[in-house]
Amino acid sequence: MLRFKTPKQDVFNDVARAYRKNRRDSWVKWRLRQAMTVVVNYWRMAVVGKTPRRTGALQRSIYGKVRVPGGRIIGIVGSDLQRAVWMEYGTKPHVILPRRARALRFIGRNGQVVFARRVNHPGTKPRRMFELGGQEARPFAVSHLRKALRDVAHYIASRKGD
């Protein structure tokens, strides 16, 4: 799973604080969880849009979750595939050896079948799809969560006036 931290004085921390303070109020919990779900889904779609597509398996593996551990509300976007880490951060040059056979078989650059006992892979460049998707989704996330916090503040103020 890939995670990205946010600054301490941030709307994300304000949402977590509001959730923690009002966790006994079902409407507040519902509104903040609903807002975080919308943000996580938007972020997930931004990441999927930045993800390279060959078979689509990597794009399908990207998930978004909203968790509430210990009175905090957390949005998570990630993938359980090891390939996602390789795509996000890239790989160093490395040697590829056959596992179950004596030789590797692949299609070469000229389109012909090639057999080799080992291949020196040049490595891959980082794609940063989670980072770029997060940067793309951040303005929407901030505005949407601020609106949810305003709704919660108005609700609490109207409730105290009763």
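Section: the pairing of strand β4 (residues 104–107)
For step 1, the next point in the chain: In this structure, β4 lies alongside strand β5 (residues 113–116), joined through four bridges in antiparallel fashion. Bridge pairing in β5 places Ile-107 opposite Val-113.

Digging into the environment of Arg-117
For step 1, the next point in the chain: With respect to the secondary-structure elements, Arg-117 resides in the loop between β5 and β6 (119–121).
For step 2, the next point in the chain: For Arg-117, a relative accessible area of 66% translates into the label exposed.
For step 3, the next point in the chain: Residues Arg-117 and Arg-17, 100 residues apart in the sequence, show an inter-C-alpha distance of 57 Å.
For step 4, the next point in the chain: Sequence-distant contacts of Arg-117, that is, excluding residues within four places in its chain, are made with Leu-97, Pro-98 and Arg-102.

Notes on a nonpolar patch on the surface
For step 1, the next point in the chain: A cluster of nonpolar side chains, Ile-107, Val-113 and Phe-115, forms an exposed patch at the surface whose accessible area comes to about 320 Å².
For step 2, the next point in the chain: Within the element layout of this structure, Phe-115 appears in strand β5.
For step 3, the next point in the chain: A residue is classified by how much of its surface remains accessible, and Phe-115, at 59% relative accessible area, is exposed.

Some remarks on the environment of Gln-59
For step 1, the next point in the chain: When you line up the elements, Gln-59 lands in helix α3 (residues 57–61).
For step 2, the next point in the chain: C-alpha of Gln-59 to C-alpha of Val-48: the two residues are eleven residues apart in sequence and 5.5 Å apart in space.
For step 3, the next point in the chain: Beyond its immediate chain neighbours, meaning those up to four positions away, Gln-59 contacts Val-48, Thr-51, Pro-52 and Arg-53.
For step 4, the next point in the chain: In this structure the side chain of Gln-59 is engaged in a polar contact, spanning 3.3 Å, whose partner is the backbone oxygen of Val-48.

Thoughts on the pattern of salt bridges
For step 1, the next point in the chain: With the rule as written, the count across this model stands at four salt bridges.
For step 2, the next point in the chain: Between Glu-136 and Lys-50 there is a salt bridge, with its nearest N and O atoms 3.1 Å apart. Residue Glu-136 is found in helix α5 (residues 129–161), and its partner Lys-50 is found in helix α2 (residues 26–50); the two are separated by 86 residues along the sequence.
For step 3, the next point in the chain: Given a relative accessible area of 40%, Glu-136 falls into the partly exposed group.
For step 4, the next point in the chain: Put simply, Asp-151 and Lys-147 hold a salt bridge, and the shortest N to O gap is 3.5 Å.

Comments concerning the packing of aromatic side chains
For step 1, the next point in the chain: Under the criterion given, the structure shown has three aromatic pairs.
For step 2, the next point in the chain: Each ring, one from Trp-27 and one from Trp-30, has its centre 6.3 Å from the other, and the planes form 50 degrees; the classification is tilted. Of this pair, Trp-27 and Trp-30 are both found in helix α2, three residues apart, which corresponds to roughly one turn of the helix.
For step 3, the next point in the chain: Through a chain of ring-to-ring contacts, three or more aromatic side chains come together here, namely Trp-27, Trp-30 and Tyr-155.
For step 4, the next point in the chain: When the ring centre of Tyr-63 is taken as reference, the NZ or CZ atom of Lys-65 above it lies at 4.7 Å.

Conventions used here
Residues numbered from 1 in each chain as written. Predicted model: local features only at pLDDT ≥ 70, side-chain atom pairs only at ≥ 80, totals over all residues. Heavy atoms only, no water. Pairing = 2+ DSSP bridges. Helix = DSSP H or I, 4+ residues; strand = E, 2+ residues; numbered from the N terminus. Buried < 20%, exposed > 50% of the residue type's maximum accessible area, 1.4 Å probe, protein only. Contact = heavy atoms within 4.5 Å. Patch = residues over 30% accessible without salt bridge, like charges linked within 9 Å, V, L, I, M, F, W, Y side chains within 5 Å. Areas by Shrake-Rupley, 256 points an atom, 1.4 Å probe, with all protein chains shown as cover. Salt bridge = Lys/Arg side-chain N within 4 Å of Asp/Glu carboxyl O. Polar contact = N/O pair within 3.5 Å; in protein donor to acceptor, adjacent residues only side chain to side chain. Phe/Tyr/Trp six-rings, centres within 6.5 Å; stacked < 30°, edge-to-face > 60°. Lys NZ or Arg CZ within 6 Å of the ring centre and 35° of its normal.

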